[in-house]
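Architecture and fold: a report
If you want the building blocks of each chain, they are given just below.
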Amino acid sequence: MNIKAGDRIVAYCNNKKQICTVKHILESNQNKVTLSVFTSEHYRNSVLRVIRFQWDALVDLAN
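My aim in this report is to walk through the structure given alongside it, one point at a time.

Scoring rules and cut-offs
- Residues numbered from 1 in each chain as written.
- Predicted model: local features only at pLDDT ≥ 70, side-chain atom pairs only at ≥ 80, totals over all residues.
- Heavy atoms only, no water.
- Core = buried A, V, L, I, M, F, W, Y, C linked by side-chain atoms within 4.5 Å.
- Buried < 20%, exposed > 50% of the residue type's maximum accessible area, 1.4 Å probe, protein only.
- Helix = DSSP H or I, 4+ residues; strand = E, 2+ residues; numbered from the N terminus.
- Contact = heavy atoms within 4.5 Å.
- Pairing = 2+ DSSP bridges.
- 1 Å grid on protein atoms, 1.4 Å probe; cavity = no way out; pocket = protein on both sides within 12 Å on 5 of 7 lines; lining within 4 Å.
- Points joined across faces, edges and corners; volume = space filled by probe spheres on them.
- Nonpolar A, V, L, I, M, F, W, Y, C, P; charged D, E, K, R; others polar.

1. Considerations on the nonpolar core
General note: in soluble globular proteins, nonpolar side chains tend to be found buried as a group. In this structure, Ile3, Ile9, Ala11, Cys13, Cys20, Val22, Val33, Leu35, Val37, Ile51 and Phe53 together form the largest nonpolar core, which totals eleven residues. For this core, the secondary structure elements donating two or more residues are strand 1 (8–13), strand 2 (16–28), strand 3 (32–38) and strand 4 (48–54). Contact partners of Val22, with chain neighbours within four places excluded, come to Ile3, Lys4, Ala5, Gly6, Asp7, Ile9, Leu35, Ser36 and Val37.

Written as structure tokens, this is what we have:
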């Protein structure tokens, strides 16, 4: 897994597809990945969320 803290990814969060900024990788094993992410580029206006997905999921990095 090449995702690291500070990366911006496209993920479903709050029932909508949006760009999130990875804060921490909480868990990464053979079955699943759990990330804590900010839902906005500006941390003051952002909400911290936890997202989980299967290890073989396709994750898009945002530019």
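2. What to know about the sheet that holds strand 3
Strand order in the open sheet formed by five strands is 4-3-2-1-5, and the pairing between neighbours is antiparallel. Two strands bound the open sheet, and with one partner strand each, they are strand 4 and strand 5 (60–61). Examined bridge by bridge, strand 1 and strand 5 share two bridges and lie antiparallel to one another. Within the sheet, the bridge partner assigned to Ile9 lies in strand 5 and is Leu61.

3. A word on the layout of surface pockets
Approximately 200 Å³ is the volume attributed to the largest pocket. As for the largest pocket, its lining consists of Ile9, Val10, Ala11, Tyr12, Lys17, Ile51, Phe53, Ala57, Leu58, Val59 and Asp60. The biggest single contributor to the lining of the largest pocket is strand 1, with four residues. Considered class by class, the residues forming the lining of the largest pocket number nine nonpolar, no polar and two charged.

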